[in-house]
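# Fold and geometry: a report
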Amino acid sequence: MEEIGTSFLPIPPSTASPPHLDEDDPKDVLNSIHPPRPDWYEELFAFVMAKGSKAYEAQVAGFKSQIFTNLRGKDKTVLELGIGTGPNLKYYASDNGVRVFGIDPNRKMEKYAQAAAAAAGLPPENFKFIHAVGEVLPLSDASVDAVVGTLVLCSVKDINMTLKEVMRVLKPGGLFLFVEHVAAKDGTILRFAQGILDPLQQTVSDGCHLTRKTGKCISEAGFSAVDINTAFVSVACILGPHVYGIAFK
Ligand SMILES: C[S@@+](CC[C@H](N)C(=O)[O-])C[C@H]1O[C@@H](n2cnc3c(N)ncnc32)[C@H](O)[C@@H]1O
């Protein structure tokens, strides 16, 4: 009954059951974790992210600048999880020889991410958009210097599986830079409101969860050190509580 009740929605609220995967078929893996959404839905979400994030980006610019300075240096290979429209590229694309892999299951993000890469001065050969999910990264073990994830661990289907993949692809000593909205403190009115609105948020924002304790997941993911900060981003309203920082493999 429940399936019938929610099947008309582009993104029904998630259930607890893990996806069944045929590990040998990358398309099957991608579709199991992130079932294809209607074209109009992907296009609309990409458009809203591209045009509607200016005030948010202005408010987080301070702490993004702070953590992205850690990517300075030559010839870095960076993987961005759920790159979306590419709002972070300007923070590191002008660095000497940086190569960026941006993965995202929403193909409609690609044109915006490519434009952001070009605007940031990244040569086309140094930016590759890959249609993939964070839970199964199409990169070899210990192959990147840094992984970047902003507003994405709220949206992946399986946060712990994604963090395991982050650890796998990072070189020893590699960095994981993150900025994520998280659940408000237990017992607060904001946390109560997040609980009520969580199913709706998942439906209208492509699987985004309001109540994840992402900081705790990152802290417990097995990094050798985690430098984690909290902030409240007021323009983000119900998404206000944030964690940001760097984890070291
Ligand atoms: C709220 S947007 C954030 C995009 C971008 N990182 C930013 O900071 O603006 C969430 C992004 O995560 C992507 N996403 C959803 N599920 C994902 C998954 N399983 N793995 C990787 N990315 C995913 C979405 O397509 C979307 O681009």
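Criteria and cut-off values
Residues numbered from 1 in each chain as written. Predicted model: local features only at pLDDT ≥ 70, side-chain atom pairs only at ≥ 80, totals over all residues. Heavy atoms only, no water. Core = buried A, V, L, I, M, F, W, Y, C linked by side-chain atoms within 4.5 Å. Buried < 20%, exposed > 50% of the residue type's maximum accessible area, 1.4 Å probe, protein only. Helix = DSSP H or I, 4+ residues; strand = E, 2+ residues; numbered from the N terminus. Contact = heavy atoms within 4.5 Å. Near = heavy atom within 4 Å. Polar contact = N/O pair within 3.5 Å; in protein donor to acceptor, adjacent residues only side chain to side chain. Areas by Shrake-Rupley, 256 points an atom, 1.4 Å probe, with all protein chains shown as cover. Nonpolar A, V, L, I, M, F, W, Y, C, P; charged D, E, K, R; others polar. Pairing = 2+ DSSP bridges. Right-handed = clockwise from strand over helix to strand, strands pointing away. Axes fitted to C-alpha atoms, helices over the stretch in contact; angles between N-to-C directions. Patch = residues over 30% accessible without salt bridge, like charges linked within 9 Å, V, L, I, M, F, W, Y side chains within 5 Å. Salt bridge = Lys/Arg side-chain N within 4 Å of Asp/Glu carboxyl O.

### Thoughts on the nonpolar core
Counting 34 residues, the largest nonpolar core has L71, L89, Y92, L122, F127 and L177 as its most contacted members. Taken together, the elements giving at least two residues each to this core come down to α3 (39–52), α4 (54–68), α5 (89–92), α6 (110–119), β3 (127–131), β4 (144–150), β5 (170–181) and β7 (241–248). For this core, the leading source of residues is α4, giving five residues. Sequence-distant contacts of L177, that is, excluding residues within four places in its chain, are made with I67, F68, L71, V147, V148, G149, G245 and I246.

### Brief notes about the site of the ligand
Near the ligand there are 19 residues, and of these G82, D104, G134, E135 and T150 occur at the shortest range. In this structure, D104 approaches the ligand through a side-chain N or O atom, which is 2.6 Å from an oxygen atom. If the ligand stood free it would expose 590 Å²; the protein chains cover 97% of that surface. For the shell around the ligand, the per-class residue count stands at ten nonpolar, seven polar and two charged.

### Considerations on the pairing of β5
Judged by how many residues are buried, β5 sits mostly within the fold: nine of twelve residues are covered. Examined bridge by bridge, β4 and β5 share six bridges and lie parallel to one another. When the bridges of β5 are listed, T150 appears paired with V179. At this point the chain moves from β4, through helix α7 (residues 159–169), to the parallel β5, and the crossover so formed is right-handed.

### With respect to the sheet that holds β4
Ordered by their spatial adjacency, seven strands build an open sheet running β3-β2-β1-β4-β5-β7-β6, and the pairing between neighbours is mixed. Both edges of this open sheet fall to β3 and β6 (225–232), since each of them pairs with a single strand only. Between one strand axis and the next, the sheet turns by 15° as a mean value, whatever way the strands run. Pairing between strand β1 (residues 77–81) and β4: four bridges, direction parallel. By the bridge assignment, L81 is partnered in β4 with G149. The strands touched by α4 within the sheet are β4, β5, β6 and β7, with β5 carrying the most contacts at an inclination of about 160°. This element, α7, spans β1, β4 and β5 of the sheet and lies at about 145° to β5.

### Here's the deal with a nonpolar patch on the surface
A cluster of nonpolar side chains, namely F192, I196, L197, L200 and V204, defines an oily patch on the protein surface of about 510 Å² accessible area. Within the element layout of this structure, L200 appears in helix α8 (residues 189–204). The exposed category is assigned to L200, whose relative accessible area is 51%.

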